[in-house]
Amino acid sequence: GARGIFAGGADPSHSSMIQAFDITTTGSCFEFGHLSADRYYIMGCSSRTRAVWAGGSEGGGYVDTIEYSTISSTGDAVAFGELVGPDRHNTGGGCGNQTRGLYMGGESPGKHSEIDYITIASTGNSVNFGHLSADRASNTTFASPTRGISAGGSEPTHVNTIDYVTIASTGNAQDFGDQSVSVYGGGGGGNA
């Protein structure tokens, strides 16, 4: 379909709301459903069928919760599993393809290099995929059907590092190149 979907956030209180919109037209978002708790700094990934939310902060600490929504319908998120790595909030990032979702880096409260993966069409706990080239948070992530990318971030100083992994395999991230400037906290997107 042509639906965009996002969940959680804070302004200034935490939110459990899942919002959606039609990508092919202009207009406002509509309420899709809710997460199981108010949560912000969530990592997300999706296939054409499911959006899968992982980690985040519920105000009192970081969580390892993974929940999913079926993009074509509306309703509250459903339990998926738990992150296998440290409970962390998304100052790391999520990306994926039609088969796998990846969650890269983050804080708990220290920075982590952990990369976890899930099989989006099934449910269950994430599995260790490998590691980024360094402990990193506030990195930008995006993917093609083949590669997952992590760019920039904080280690604790800002870096211009770009790492990549091959989504279909497992293993540590490899060097892709460098950004033209050192930045953190950006957003990413990619296509085939």
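Residues numbered from 1 in each chain as written. Predicted model: local features only at pLDDT ≥ 70, side-chain atom pairs only at ≥ 80, totals over all residues. Heavy atoms only, no water.

## Things to note about the layout of surface pockets
Definition in use: Two kinds of site are reported from a 1 Å grid over the protein atoms alone, namely cavities, where a 1.4 Å probe fits but cannot get out, and pockets, open sets with protein on both sides within 12 Å along at least five of seven lines, and residues are called lining when an atom falls within 4 Å of a point. Grid points are joined across faces, edges and corners, and a volume is the space filled by probe spheres set on the points. Secondary structure counts use DSSP, requiring at least four H or I residues in a row for a helix and at least two E residues in a row for a strand, with both numbered from the N terminus. Each residue receives one of three labels: charged for Asp, Glu, Lys and Arg, nonpolar for Ala, Val, Leu, Ile, Met, Phe, Trp, Tyr, Cys and Pro, and polar for the others, Gly being one of them.
Approximately 1,000 Å³ is the volume attributed to the largest pocket. As for the largest pocket, its lining consists of 44 residues, and the residues nearest its centre are Gly 44, Cys 45, Gly 94, Cys 95 and Gly 188. Mapped by element, the contributors of at least two residues to the lining of the largest pocket are strand 1 (3-7), strand 4 (43-46), strand 5 (50-54), strand 8 (93-96) and strand 12 (140-143). Per-element accounting of the lining of the largest pocket gives the leading share, 5 residues, to strand 1. Taken together, the residues that form the lining of the largest pocket break down as 16 nonpolar, 26 polar and 2 charged.

## Section: the pattern of salt bridges
Worth spelling out the cut-off: Every case where a carboxyl oxygen of Asp or Glu lies within 4 Å of a side-chain nitrogen of Lys or Arg is listed as a salt bridge. Under the scheme applied here, a residue whose accessible area is under 20% of the maximum for its type counts as buried, over 50% as exposed, and between as partly exposed, the area being computed with a 1.4 Å probe on protein chains only.
On inspection of all chains with the given rule, the structure shows 5 salt bridges. Between Glu 107 and Lys 111 there is a salt bridge, with its nearest N and O atoms 3.9 Å apart. Judged by its relative accessible area of 24%, Lys 111 is partly exposed. For Arg 136, the salt bridge identified is with Asp 163, shortest N-O distance 3.0 Å. With Arg 136 in strand 11 (residues 127-136) and Asp 163 in strand 14 (residues 161-166), this residue pair connects regions lying 27 residues apart in the sequence.

## Examining the side chain of Thr 140
Stated formally: Here, two residues are considered to be in contact whenever any of their heavy atoms come within 4.5 Å of each other.
Among the structural elements, Thr 140 can be located in strand 12. Setting aside residues no more than four positions away along its own chain, Thr 140 makes contact with Ile 149, Ser 150, Ala 151, Gly 186, Gly 187 and Gly 188.

## Examining the sheet that holds strand 4
Note the threshold: Think of it this way: DSSP has to see at least two bridges between two strands before they count as a pair. Orientation is described by lines fitted to C-alpha atoms, with helices fitted over the stretch in contact, and by angles between N-to-C directions that extend from 0 to 180 degrees.
The antiparallel open sheet is built from 4 strands, whose spatial order is 4-5-6-7. Sheet topology places strand 4 and strand 7 (78-82) at the edges, where each strand pairs with a single neighbour. Each adjacent strand pair in this sheet contributes to an overall mean axis angle of 25°, direction not counted. The pairing of strand 4 with strand 5 spans 4 bridges and is classified as antiparallel. Residue pairing in the sheet places Met 43 in a bridge with Ala 54 of strand 5.

## With respect to unusual backbone geometry
Most peptide bonds adopt trans geometry, and most residues besides glycine take a negative phi value. Cis geometry marks the peptide bond from Asp 11 to Pro 12, where omega comes out at -15°. With respect to the helices and strands, Pro 12 occurs in the loop between strand 1 and strand 2 (17-22). With omega at -5°, the peptide bond leading from Ser 108 into Pro 109 counts as cis. A positive phi is found at Tyr 41, a non-glycine position, where the angle reads about 55°. With respect to the element layout, Tyr 41 can be found in the loop between strand 3 (30-34) and strand 4. The backbone phi angle of Ser 138 is positive, close to 60°, even though this residue is not glycine. Overall, Ser 138 belongs to the buried group, its relative accessible area being 15%.

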